[in-house]
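Structural overview
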Amino acid sequence: MYVHVVQRRSDGVIVRGAKLHQSGAFAAHETVVIPGGALRKGEEDYGVAFAVPNSAKGITYILQFNPLSAEREQAEDIFHLGNPQFGQRETCLMVFDDVFIPNERVFMCGEVEFSGSLIQRFAKTHRMNCGGACKVGFADIIIGAAQLAAEYTGTEKAPHIREAITNMIRISEASHACAIAAAVKGKEEPPGSGVYMPDDLFGNVAKISTAHGFWQIMALAGDIVGGLVVTMPSFKELKNPATKGYMEKYLKAAVPAEKRMRVTKVLQNWTAGLHGPGTWHGAGSTQAQMISLHRAANLEEKKRIAKKIAGIED
Ligand SMILES: Cc1cc2nc3c(=O)[nH]c(=O)nc-3n(C[C@H](O)[C@H](O)[C@H](O)COP(=O)(O)OP(=O)(O)OC[C@H]3O[C@@H](n4cnc5c(N)ncnc54)[C@H](O)[C@@H]3O)c2cc1C
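Notes on the structure follow. It should be emphasised that the depicted structure is a prediction, and the values quoted were computed from it without experimental measurement.

This next bit is on helix H2 (residues 115–153). The end-to-end C-alpha distance of H2 is 54 Å, a good match for the 57 Å that 39 residues give at a rise of 1.5 Å each. Maximal helix bending in H2 amounts to about 35°, located at Cys 130. Where H2 terminates, the next one or two residues include Gly 154, which has phi positive at roughly 80°.

If you walk across this open sheet you meet the four strands as E1-E2-E6-E5, and the pairing is antiparallel. Each edge of the open sheet is held by one strand with a lone partner, namely strand E1 (4–9) and strand E5 (59–63). Along the sheet, successive strands turn relative to each other by an average axial angle of 10°, direction set aside. Where strand E2 (residues 12–23) lies against strand E6 (residues 91–102), nine bridges are found, and the strand directions are antiparallel. Looking across to E6, one finds that Ile 14 is bridged to Phe 100.

What follows deals with the side chain of Asp 199. With respect to the element layout, Asp 199 can be found in the loop between strand E9 (196–197) and helix H4 (200–225). No salt bridge is formed by the buried Asp 199, whose closest oppositely charged neighbour, Lys 187, lies at an N-O distance of 4.4 Å. Separated by 3.0 Å, the side chain of Asp 199 and the backbone nitrogen of Phe 202 make a polar contact. Discounting chain neighbours no more than four positions away, the residues touching Asp 199 are Ala 182, Lys 185, Gly 186 and Lys 187.

Burial analysis of strand E4 (residues 48–53) places five of its six residues in the buried class, which makes it a mostly covered element. Summarising the sheet, strand E3 (residues 30–33) and E4 pair through four bridges and their orientation is antiparallel. The partner of Val 32 across the bridge, within E4, is Ala 51. As paired elements, E4 and strand E7 (residues 106–109) share three bridges and run antiparallel to each other.

This part takes up the site of the ligand. Taken together, the residues surrounding the ligand are His 21, Gln 22, Ser 23, Arg 89, Thr 91, Gly 278, His 281, Gly 282, Ala 283, Gly 284, Ser 285 and Gln 287. Gln 22 places a polar side-chain atom, nitrogen or oxygen, 3.1 Å from an oxygen atom of the ligand. Between the ligand and Ser 23, the relevant distance is 2.8 Å, taken from a nitrogen atom to a side-chain nitrogen or oxygen of the residue. Within the complex, the protein chains bury 43% of what would otherwise be the 960 Å² of accessible surface of the ligand. Counted by class, the shell around the ligand contains one nonpolar, ten polar and one charged residues. Both domains that furnish three or more residues to the shell around the ligand are identified here as domain 1 (4–110) and domain 2 (116–306).

It is worth spelling out unusual backbone geometry at this point. With an omega of -10°, the peptide bond between Glu 189 and Pro 190 qualifies as cis. Topologically, Pro 190 is positioned in the loop between strand E8 (187–188) and E9. If you check the backbone angles, Asp 98 has positive phi at about 55° while not being a glycine. Structurally, the position occupied by Asp 98 is in strand E6. The exposure class assigned to Asp 98 is partly exposed, which follows from its relative accessible area of 35%. Of note in the backbone geometry, Ala 283 takes a positive phi value of approximately 65° without being a glycine. Mapped onto the elements of the fold, Ala 283 is located in the loop between helix H8 (275–281) and helix H9 (286–296). Judged by its relative accessible area of 15%, Ala 283 is buried.

Criteria and cut-off values
Residues numbered from 1 in each chain as written. Predicted model: local features only at pLDDT ≥ 70, side-chain atom pairs only at ≥ 80, totals over all residues. Heavy atoms only, no water. Helix = DSSP H or I, 4+ residues; strand = E, 2+ residues; numbered from the N terminus. Expected span 1.5 Å × (residues − 1). Bend = angle between axes of the 7 residues up to and from the residue. Pairing = 2+ DSSP bridges. Axes fitted to C-alpha atoms, helices over the stretch in contact; angles between N-to-C directions. Buried < 20%, exposed > 50% of the residue type's maximum accessible area, 1.4 Å probe, protein only. Lys, Arg positive; Asp, Glu negative; His and termini not counted. Salt bridge = Lys/Arg side-chain N within 4 Å of Asp/Glu carboxyl O. Polar contact = N/O pair within 3.5 Å; in protein donor to acceptor, adjacent residues only side chain to side chain. Contact = heavy atoms within 4.5 Å. Near = heavy atom within 4 Å. Areas by Shrake-Rupley, 256 points an atom, 1.4 Å probe, with all protein chains shown as cover. Nonpolar A, V, L, I, M, F, W, Y, C, P; charged D, E, K, R; others polar. Domains from an automatic or database assignment.

Structure follows, in structure tokens:
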């Protein structure tokens, strides 16, 4: 099932297998494939890393499909969607059915002893970006939309609404800070290579903090916007002669109904869509970061300090 080498030739290798959840692969010029986990001796065929151009012979992309995909197919106007200008992050199941990869595109082939460090370097870079940058950008949209929703309904000065907004900012910026720290504390790896990698600890903390914090941000935004976020009628009713007047009368607040509906739809996308599990699992579910954190933390040094404070001499 995992992508692996099925034939070694003098000019390259033939690979078979599949990769789930490939974000945007169908639209990218190239896909870079690395092993899915650290490997042991005897698993050399799975220790393969390479670059493959889009739609190379033998590759099939099977796109994701969910309620938001169905909604997009039905929408008459993109502004009836929750993220009209950028859409969903589309992933696909990418199948490699005996794909030929020429030697010049193969970066690893059987060197299983390096698979762990390859994954670790990929993971800490991805976790720094995914946790402390990408999702912080998502949070900026959610916080902005939640503030607008509060202003549209006139609750923005209520102490608990201000507190909810402030908590959203606190959670998001803590992850943002970890990403910046991971970059600032990055090191040349390996020394002399000219390649700089983020700090392992802060990169992982950025991701794990976001994984937990994003659910909280979603919950706080859901509280502020109210039940309309999941009960709102269709934008089509604003054009339906039988319902238009009712919609305009009963859905208006400090702003006309359509404006309120648009910001509510944005929040529906972020709080009642795909983003909770997407944020949790993207860049590895939290257990993967817990393992990395435990490894990266210098526990010996912490023990040394504690012993010194306690006056313990071994
Ligand atoms: C929106 C999105 C976009 C993504 N984009 C990409 C992409 O572009 N490229 C890419 O390669 N990947 C991508 N991924 C994949 C992502 O890295 C994985 O989803 C993530 O690593 C979790 O793996 P999984 O989905 O197989 O879940 P699983 O690993 O099956 O995890 C499910 C649960 O099982 C537990 N579990 C897993 N293994 C064990 C074990 N051995 N023992 C005990 N418990 C275990 C986990 O801790 C978790 O609680 C994306 C994922 C998402 C959600």
